[in-house]
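Here is how the chains run, residue by residue.
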Amino acid sequence: MIKKHLAAVLAATVLAGGFVGLSAGAAHATDRVNKCGSAYAFKKSWDINDRHNVGVVVGFIDIYYNSGNGYNCAIARGNDATVTGQNRIAVFIRRSGDGSWVRDGVDQNYTRYAGPVYAYAKGACIDFIGELRYNEFSGFGDGGYSFEHCG
């Protein structure tokens, strides 16, 4: 009798666990992971907003800094909560005022993140751009806004 009861409890636990595992969790952004290297400290994230749907965040640009060598690092990542379909994620960085951009993701089909890209700017500011295109049938969300970070 005890064995039958334990078997029933175990079966109910497994079934309940299975149903819990199938339930939908909260939608969230692609996790911020430091792809720049262990010497790079996280500084700040900026939103990549959909140009066609005001207030909709489609991704993020994460900035890291290595105080030992003076290099900044940027990564662009999508927001899984709002982005579906084909993606194209790209990221650009440069020392403010310089003409050439260091970039990643252009002419690629990155679906999780672009980068890391690096720019030397010890004691100076950086410019960076994050871009995310998705849902090719309904246009695109494009955070092609230029941001500046100093410090």
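Residues numbered from 1 in each chain as written. Predicted model: local features only at pLDDT ≥ 70, side-chain atom pairs only at ≥ 80, totals over all residues. Heavy atoms only, no water.

## Considering the overall build of the protein chain
Line of reasoning, step 1. The secondary structure content of the protein chain amounts to 1 helix and 8 strands.
Line of reasoning, step 2. With 151 residues in all, the protein chain has 38% of them scored as buried.
Line of reasoning, step 3. Within the protein chain, contacts between residues at least 6 apart in sequence are counted, and of these 57% link residues at least 24 apart.
Line of reasoning, step 4. Carbon and sulfur atoms make up 56% of the accessible area of the protein chain, which totals about 8800 Å². (Helix = DSSP H or I, 4+ residues; strand = E, 2+ residues; numbered from the N terminus. Buried < 20%, exposed > 50% of the residue type's maximum accessible area, 1.4 Å probe, protein only. Contact = heavy atoms within 4.5 Å. Areas by Shrake-Rupley, 256 points an atom, 1.4 Å probe, with all protein chains shown as cover.)

## Overview of the pattern of salt bridges
Line of reasoning, step 1. Within the structure shown, the criterion is met by 3 salt bridges.
Line of reasoning, step 2. A salt bridge links Arg 77 to Asp 62; its shortest N-O distance comes to 2.6 Å. Of this pair, Arg 77 sits in strand E3 (residues 71-78) while Asp 62 sits in strand E2 (residues 57-66), and the two are 15 residues apart along the sequence.
Line of reasoning, step 3. Residue classification places Asp 62 among the buried residues on the basis of a relative accessible area of 1%.
Line of reasoning, step 4. In this structure, Arg 88 engages Glu 131 in a salt bridge whose closest nitrogen and oxygen atoms are separated by 1.9 Å. With a gap of 43 residues between them, Arg 88 in strand E4 (residues 87-95) and Glu 131 in strand E7 (residues 125-134) connect regions that are remote in the sequence.
Line of reasoning, step 5. Exposure remark for Glu 131: the relative accessible area of 9% places this residue in the buried category. (Salt bridge = Lys/Arg side-chain N within 4 Å of Asp/Glu carboxyl O.)

## Some points on the environment of Asp 107
Line of reasoning, step 1. Mapped onto the elements of the fold, Asp 107 is located in the loop between strand E5 (102-104) and strand E6 (113-120).
Line of reasoning, step 2. In this structure, the C-alpha to C-alpha distance between Asp 107 and Ala 90, residues 17 residues apart in sequence, is 8.7 Å.

## Describing unusual backbone geometry
Line of reasoning, step 1. Here the amide bond leading from Gly 115 into Pro 116 is cis, since omega sits at 5 degrees, within 30 degrees of zero.
Line of reasoning, step 2. With respect to the element layout, Pro 116 can be found in strand E6.

## So, the sheet that holds E6
Line of reasoning, step 1. Taken together, 4 strands build an open sheet; the order of strands is E1-E2-E3-E6 and the sheet is antiparallel. Each having just a single partner strand, strand E1 (41-49) and E6 make up the two edges of the open sheet. Strand-to-strand twist of the sheet, defined as the mean angle between neighbouring strand axes without regard to direction, takes the value 20 degrees. (Pairing = 2+ DSSP bridges. Axes fitted to C-alpha atoms, helices over the stretch in contact; angles between N-to-C directions.)

## Topic: the packing of aromatic side chains
Line of reasoning, step 1. By the definition in use, this model includes 5 aromatic pairs.
Line of reasoning, step 2. Geometrically, the ring pair formed by Phe 42 and Tyr 64 is edge-to-face, given 5.5 Å between the ring centres and 65 degrees between the ring planes. Taken together, the residues Phe 42 in strand E1 and Tyr 64 in strand E2 connect sequence positions 22 residues apart.
Line of reasoning, step 3. A relative accessible area of 32% means that Phe 42 is categorised as partly exposed.
Line of reasoning, step 4. Centre to centre, the rings of Phe 92 and Trp 101 are 6.3 Å apart; their planes meet at 85 degrees, and the pair counts as edge-to-face.
Line of reasoning, step 5. Residue class for Phe 92 comes out buried when judged on its relative accessible area of 15%.
Line of reasoning, step 6. By relative accessible area, which is 28% here, Trp 101 ends up partly exposed. (Phe/Tyr/Trp six-rings, centres within 6.5 Å; stacked < 30°, edge-to-face > 60°.)

## Focus: the nonpolar core
A general tendency of soluble globular proteins is for nonpolar side chains to be buried together.
Line of reasoning, step 1. With 19 residues, the main nonpolar core has Ile 63, Ile 93 and Phe 128 as its most contacted residues.
Line of reasoning, step 2. No other element matches E7, which puts 4 residues into this core.
Line of reasoning, step 3. Excluding residues that lie within four positions of it along the chain, Ile 93 makes contacts with Asn 72, Cys 73, Ala 74, Ser 100, Trp 101, Val 102, Val 117, Tyr 118, Ala 119, Ile 126, Asp 127 and Phe 128.
Line of reasoning, step 4. In this structure, Cys 36, Tyr 40, Tyr 64 and Cys 73 belong to the second largest nonpolar core, which totals 5 residues. (Core = buried A, V, L, I, M, F, W, Y, C linked by side-chain atoms within 4.5 Å.)

Any functional reading would require information that these geometric values do not contain.
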